[in-house]
There are 2 protein chains.
Amino acid sequence: MGKIGPGEKLPSKRALSAHLKISVVTVETAYSLLASEGYIYSVPGSGYYAENIPGRIIGPKKTRTIIKEPEQSSSYLIDFSTNRADTTLFPFSVWAKLSREILSSGGDELLNTCSGKGVYRLRQAIGEYLRCFRGMDVQPEQIVVGAGSEYLTGLVIQLLGREKVYGVEDPGYVKTHQVFSANCSKVLPIEVDGSGARLSSLAAQGIQIAHITPSHHFPLGTIMPAARRHEILAWAYAASDRYIIEDDYDSDFRMYGKPVPTLQSMDSYSRVLYMNTFTKSLAPSMRIGYLVIPPELISCFEEKLGFYACTVPVFEQLILAEFLKRGYFERHVSRMRKLYLSRRDHFIRSLSSSPLSKILEVQSANGGTHLLLNSKNGLSERELKERAAAQGVRVYGLSEYYSFGKNKDEGRIIAGYSGMNAQEISLGISALERAWL
Amino acid sequence: MGKIGPGEKLPSKRALSAHLKISVVTVETAYSLLASEGYIYSVPGSGYYAENIPGRIIGPKKTRTIIKEPEQSSSYLIDFSTNRADTTLFPFSVWAKLSREILSSGGDELLNTCSGKGVYRLRQAIGEYLRCFRGMDVQPEQIVVGAGSEYLTGLVIQLLGREKVYGVEDPGYVKTHQVFSANCSKVLPIEVDGSGARLSSLAAQGIQIAHITPSHHFPLGTIMPAARRHEILAWAYAASDRYIIEDDYDSDFRMYGKPVPTLQSMDSYSRVLYMNTFTKSLAPSMRIGYLVIPPELISCFEEKLGFYACTVPVFEQLILAEFLKRGYFERHVSRMRKLYLSRRDHFIRSLSSSPLSKILEVQSANGGTHLLLNSKNGLSERELKERAAAQGVRVYGLSEYYSFGKNKDEGRIIAGYSGMNAQEISLGISALERAWL
């Protein structure tokens, strides 16, 4: 057949079916498809006509360019990353048992949406966990479950307003800075001293909302002492638009003694939003975090953000609720803590018995999953990193954790050990001896 | 013991342990805890001293206000909601089998993070699905998996810039408007006519990025004809900062014939971002959606948003990948489509044989999971809704889907049937007869 111009009549169904030797039904289907897509139109009692679709607005045929995904694997033999978790202890059989239980219970709860703040049972279980292990008095209504800290940070910014002036610790977790930058208009650095976030830094820059890690600063390991905690709260209380976002990201891995009380539990005037995640303590593949909002902000949250569906699958939420309620989480965290503690001890002992001890000062606060190594012989961070790389070892410089361009090379190295066993740590140290001595 | 003032020395460990008749180790633990929290400090060779924490900055004791969660359950006997899915056909046993398989394979993949864009295998499976069922030529590298459309919309806004002028269809899905309002600075209404989004509305208001539902407008059911599709693409091509976000939310449920070709597949100049979700077709509790970004935007995405972790648990992603690859999804969707089709037919037949047919015109485009009922006897939307409510039936007015204050009461009702079986539909119609005749 030739080309049919705009407004031209198409052959009748019967004629076309005879011509092409196919059934009338087939032609009918084809015509109604063309009609529903707008290529032809029907005139009742007359037949089908071609639509007028100017050819000039139909673009050229697409050509396919092959896109390559960037490689994710590391080219280093040994990587002292702070970002890896040991998954060997993950209680697969328990998790599998719970998921079978929940799947076999089936039903509506599993398939239908939950509250935008998450499954109530999970929020109850988190509240109970916070009461027992963090001494926090939190009601399930204050808890918002979401797909990880990054997502929840985005929610907090929408709640408090993206036009506000935010502050993030510098040095700090670089992703935190990235998330704030991607979501709000003004993000400023909060300086950190030996007691954590500096108050003068908040006041001088007009910061309204401060994201801080008082329980355990990342990566310096500082635990904010009581006096500073009270001062920071007093700062927040001094103006009605000030809030603190308390990121308690690794409280589960404090090595000795009980974790420090949270700012959330010390807060008398509803100015602290608390956030934590199960990503570190369970598995990096599980994006489940939660937010504790002050009672006074709940109605504002419902009004502004109540329309959002919860981002975590109900299935995962139900498993995690049981995992918490039946004490599996507590047991798992305690095993992980012991594992990381033994690695840390091994790391510190091996370093102190190594000739490296002459040129390195090992600094490590209570807990965490990495050490800070300070060069004593004048080697710069860059030199330390480059020499290590030449031996196939990846270490990280403190300056990499500064994200406002204030990074100075002070010859300080961050070495994570959470994803390495004792043998790998020893291998790494031997390689560092070759690199740095 | 009395109060110890700032700077005062604490009793020695030995003295306190004798005084309290507890072990020295216990006192030591208590002192080191107080020290780590900053309430006391140690002077080597001398002992522990109380820190100076001004009492005035310690706030009052918190009082607990009991917060009540708003009730979620409906007080209506029958609810013609457009927002419910039938979960009776969900293939629990298959899903459970796949989850067992994946859990028992265990291992690193399941526990460690995937690419921020999602598990590669799932993106391959989605690409293959799009090729077979939507005629789209998409590479896995273009696909971004995320926790539902709302989350993905937030990502798109971060990618294209929140300072841009966005447009959303009015009437349309109200949540879409809410998500855009919560995430960007300027959102304007796009008028809709019998062919879908109106071009004049885009041009006149200076809209740069248009969110539209060309395959099946919600809630009007319009399928955008070919000419309008080409015109909309031509609009996007006419300036370098214009993009189309094509929301293909219910393409799986088109009732007759093949789904209409997507704008994405017609786009020659990388101006269409396509999004879809599994929430409608699988279960509302599963927040898995995906975005197809044009090849030209991939490097921009990696640069601006590559730091984000994927918000969907790897476990769900692996199950869904298998579910797609082994054809379960296709079979499931086809069963769901048949179910919804039979309900739709039952709804339309029952209405046309009911006395309601004298006062109602039933309008329904090809597909979807709701009908539009137009009042022919002058009853307003408000009257229709109120009278139905008095009979325990919830129906929705078209004006509820306008979110820019332009809603006019035209006596048009939206009645969803996806969550109701034939019996419930019949009961609902009887109640509406009592209400409206």
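So, a few notes on the structure that sits alongside this text. (Residues numbered from 1 in each chain as written. Chains lettered and ligands numbered in written order. Predicted model: local features only at pLDDT ≥ 70, side-chain atom pairs only at ≥ 80, totals over all residues. Heavy atoms only, no water.)

## Details of the interface of chain A and chain B
Phase 1 of the analysis: Facing the 91 residues of chain A at the interface are 91 residues of chain B.
Phase 2 of the analysis: Counting the surface lost from both chain A and chain B, the interface buries some 7500 Å², and carbon and sulfur atoms represent 58% of this.
Phase 3 of the analysis: Together, Ile67, Leu111 and Phe307 of chain A form the three largest contributors to the area buried by chain A at its contact with chain B, with a combined 10%.
Phase 4 of the analysis: At the surface where chain A touches chain B, the tally comes to zero salt bridges.
Phase 5 of the analysis: Applying the counting criterion to the chain A and chain B interface returns 16 residue pairs in polar contact (both at pLDDT 80 or more). (Contact = heavy atoms within 4.5 Å. Buried area = accessible area lost by both parts, 1.4 Å probe. Salt bridge = Lys/Arg side-chain N within 4 Å of Asp/Glu carboxyl O. Polar contact = N/O pair within 3.5 Å; in protein donor to acceptor, adjacent residues only side chain to side chain.)

## Observations concerning the environment of Phe90 of chain B
Phase 1 of the analysis: As for its position among the elements, Phe90 of chain B is in the loop between strand S3 (78-79) and helix H3 (92-105).
Phase 2 of the analysis: For Phe90 of chain B, a relative accessible area of 7% gives the class buried.
Phase 3 of the analysis: Remark: the alpha-carbon pair of Phe90 of chain B and Thr176 of chain B, spanning 86 residues in sequence, is separated by 27 Å.
Phase 4 of the analysis: If sequence neighbours within four positions are ignored, Phe90 of chain B has contacts with Leu111 of chain A together with Trp95, Leu282, Ala283, Met286 and His332 of chain B. (Helix = DSSP H or I, 4+ residues; strand = E, 2+ residues; numbered from the N terminus. Buried < 20%, exposed > 50% of the residue type's maximum accessible area, 1.4 Å probe, protein only.)

## Section: helix H14 (residues 381-390) of chain B
Every α-helical turn comprises 3.6 residues, leaving residues that sit three or four positions apart pointing alike.
Residue and element names in this part refer to chain B.
Phase 1 of the analysis: For H14, the set of buried residues is Glu381, Leu384 and Ala388. Projection of H14 onto a plane perpendicular to its axis shows the buried side chains occupying an angular sector of 65°, all on one side. Residues of H14 that are exposed and angled more than 90 degrees away from the buried face: Arg382 and Ala390.
Phase 2 of the analysis: Against the buried residues of H14 lie strand S13 (370-375), strand S14 (393-394), strand S15 (396-397), strand S16 (412-416) and helix H15 (422-436).
Phase 3 of the analysis: The positive-phi residue at the C-terminal boundary of H14 is Gly392, with phi of around 80°. (Arc of directions from axis to C-beta.)

## A word on empty space enclosed by the protein
Phase 1 of the analysis: The full count for this structure, using the stated rule, is eleven cavities of 30 Å³ or more.
Phase 2 of the analysis: Each pocket or cavity is described by its volume, and for the largest cavity that value is around 200 Å³.
Phase 3 of the analysis: Taken together, 19 residues line the largest cavity, and the ones lying closest to its centre are Tyr151 and Gln158 of chain A together with Tyr151, Gly154 and Gln158 of chain B.
Phase 4 of the analysis: Going through the elements one at a time, helix H6 (149-160) of chain A together with helix H6 (148-160) of chain B are the ones with two or more residues in the lining of the largest cavity.
Phase 5 of the analysis: Tallied by class, the residues present in the lining of the largest cavity amount to nine nonpolar, seven polar and three charged. (1 Å grid on protein atoms, 1.4 Å probe; cavity = no way out; pocket = protein on both sides within 12 Å on 5 of 7 lines; lining within 4 Å. Points joined across faces, edges and corners; volume = space filled by probe spheres on them. Nonpolar A, V, L, I, M, F, W, Y, C, P; charged D, E, K, R; others polar.)

## Comments concerning the relation of the copies chain A and chain B
What relates the pair of chain copies is a rotation about an axis plus a shift along that axis.
Phase 1 of the analysis: Superposing chain A onto chain B takes a rotation of 180° combined with a translation of 0.0 Å along the rotation axis, leaving an RMSD of 0.1 Å. Put plainly, the chains are arranged around a two-fold axis.
Phase 2 of the analysis: Looking at the interface residues of chain A, 100% of them are also at the interface in chain B, so both copies use one shared face. (Least-squares fit on C-alpha atoms with pLDDT ≥ 70 in both.)

## Structural notes on the sheet that holds strand S4 (residues 143-146) of chain A
All names here are of chain A.
Phase 1 of the analysis: With mixed pairing, eight strands are arranged side by side in an open sheet as S4-S11-S10-S9-S8-S5-S6-S7. Two strands lie at the open edges of the sheet, namely S4 and strand S7 (196-197), each paired on one side alone.
Phase 2 of the analysis: Sheet topology note: the S4/strand S11 (residues 289-292) ladder contains four bridges and is antiparallel. Paired with Val145 across the bridge in S11 is Tyr290.
Phase 3 of the analysis: Helix-sheet contacts for helix H5 (residues 120-134) involve S4, strand S10 (272-277) and S11, and the interaxial angle to S4 is about 115°.
Phase 4 of the analysis: Here helix H7 (residues 174-183) sits on the sheet and contacts strand S5 (165-170), strand S6 (186-193), strand S8 (209-212) and strand S9 (243-247); the angle it forms with S5, its principal contact strand, is near 165°. (Pairing = 2+ DSSP bridges. Axes fitted to C-alpha atoms, helices over the stretch in contact; angles between N-to-C directions.)

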